[in-house]
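Chain by chain, the residues run as shown.
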Amino acid sequence: DPEAYLRLIRGETTGPAAALGRAALGLGAVGFRLGAAARNAAFDRGWKAVHRARVPVVSVGNLTLGGTGKTPMVEWLARWFRGRDVRVCLISRGYGRADAVNDEALVLEENLPDVPHLQDPDRARLAEIAVDELETELIVLDDGFQHRRLARDLDVVLLDALDPFGLGRLFPRGLLREPASSLARADVVVVSRADLVPADRRAWIRAEAARLAPAAPVLESRHAPLDLLDGEGASSPLDGLAGAKVAAFCGIGNPEGFRRTLEGLGCRVLELRAFPDHHPYSAGDVDDLARWAGATGADLVLTTQKDSVKLRLSHLGDAPLRALRIGLEILDDARPLEDRLAALLPGRPAGPDA
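What counts and how
- Sequence order sets the numbering: in each chain, residues are counted from 1 along the sequence as written.
- Reporting of local features is limited, given that this is a predicted model, to residues whose pLDDT is at least 70; pairs of side-chain atoms are given and counted only at 80 or more, and all residues count toward the totals for whole chains, interfaces and linings.
- Note that water and hydrogens are dropped before the side-chain values are worked out from all heavy atoms of the structure.
- To define a nonpolar core, start from buried Ala, Val, Leu, Ile, Met, Phe, Trp, Tyr and Cys residues and group those joined through side-chain atoms within 4.5 Å.
- Each residue gets one of three labels from its accessible area relative to the maximum for its type: buried under 20%, exposed over 50%, partly exposed in between, using a 1.4 Å probe on protein chains only.
- Only DSSP runs of H or I covering at least 4 residues are called helices, and only runs of E covering at least 2 are called strands; the numbering of each starts at the N terminus.
- Contacts were defined at the residue level, with two residues in contact if any of their heavy atoms lie within 4.5 Å.
- Between N or O atoms, a polar contact is any pair within 3.5 Å; within protein, one atom must be a potential hydrogen donor and the other a potential acceptor, and residues adjacent in sequence are included only when both atoms are from side chains.
- We define a salt bridge as a contact between a side-chain nitrogen of Lys or Arg and a carboxyl oxygen of Asp or Glu at a distance within 4 Å.

Draft legend 1. Spotlight on the nonpolar core. With 31 residues, the main nonpolar core has Met73, Trp76, Phe81, Leu90, Val156 and Leu337 as its most contacted residues. For this core, the secondary-structure elements that each account for two or more residues are β1 (57-62), α3 (70-82), β2 (88-92), β4 (138-142), β5 (154-160), β6 (188-192), β13 (319-330) and α10 (335-342). Here the element with the most residues in this core is α3; it accounts for 7 residues. The residues contacting valine 156, other than those within four sequence positions of it, are Val58, Ser59, Val60, Gly61, Met73, Val188, Val190 and Leu337. Leu176, Leu183, Ala186 and Val218 belong to the second-largest nonpolar core, a separate cluster that totals 22 residues.

Take a look at the structure:
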């Protein structure tokens, strides 16, 4: 149960058994730390080979498990380059579905129909395919910060303002994929969901990011609600959400961020049901959600676009179902990021190896 696990590592679950469980997870984190250190050292010292693509590579990644807003950042970058007539290809490992593209890929396909997206664990091989078969001029590598086998010309690393450093502990005792000191590899740091935390918290995150990655500019962003989508992908405006009685559900890495976004739109969130990240909805899930939605007395059921692309429904029972589509909005002056992107445009020299 993901929620029980989070309560445990946050210290919300108390008692001798919980303390013992956290101690065991702490031992597991020691092994995880050693493994991460050995892997990073192998790349830092040249013991593991790094593949250099024939076109620039921009990586979007993070330090933690769970959702930090990588998909909206990937979309923002792809739109930036497409707006300058650059042929972009997205490549990713493809978490979540063994038999087809995953939910994040479906969202990107819906929002970026002119940008191909290749998925495979061997991202170095995908980079060759992108150049040879798709005539790609620039690659955006999704969830690539820990995938050091493919060299990148720019590492954009996201920190979720709601939990920027994964409870300050490595997995499984916390949510860090590698030590926070690894942020030193970042070329640009973007604090996502910065609008959802107080100013003093934002200032602390920026200061900590600047300490860990002194050469990287630190920008802030928010997940800006754009519109509502029905099961067919038809768009409707956000008008009328203020004061609406809403039941919400999602299967994403950060359900609390979704709740706060809805509350920021003025919704009265009666209930929020959280499923595991990348949850594959079954017919039984749909029936259960329809009963649940009816019991809440909500005027409207809202979910994320990432969930909607797997359901393709406009109603749950008698309740209308809509997906909230969001886009990344840079809150600061975007020039420190855009200057680095401009240096990668075709005809300009590429940056140094990652």
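Draft legend 2. Molecular detail of unusual backbone geometry. In this chain, phenylalanine 171 is followed by proline 172 through a cis amide linkage whose omega measures 5°. Mapped onto the secondary structure, proline 172 falls in the loop between β5 and β6. Of note, the phi angle at aspartate 85 is positive, near 60°, even though the residue is not glycine. By relative accessible area, which is 65% here, aspartate 85 ends up exposed. Its identity as a non-glycine residue notwithstanding, leucine 167 has a phi of 70°, on the positive side. In this fold, leucine 167 is placed in the loop between β5 and β6.

Draft legend 3. Summary view of the side chain of arginine 152. Its place among the elements puts arginine 152 in the loop between β4 and β5. Side-chain polar atoms of arginine 152 contact the backbone oxygen of histidine 147, separated by 2.4 Å. Looking at arginine 152, its side chain comes within polar contact range of the side chain of aspartate 155, at 2.9 Å.

Draft legend 4. Seen up close, the pattern of salt bridges. Here the structure, examined in full by the defined rule, presents 28 salt bridges. One salt bridge connects aspartate 288 with arginine 273, and the closest N-O pair in it is separated by 3.0 Å. With a gap of 15 residues between them, aspartate 288 in helix α8 (residues 283-296) and arginine 273 in strand β10 (residues 268-274) connect regions that are remote in the sequence. According to the relative accessible area criterion, aspartate 288 is partly exposed, its value standing at 30%. Judged by its relative accessible area of 24%, arginine 273 is partly exposed. Each of the salt bridges in this network shares a partner with another, and the network as a whole consists of Arg202, Arg206, Glu220 and Asp332.

Geometric descriptors of this kind do not, in isolation, establish any biological role.
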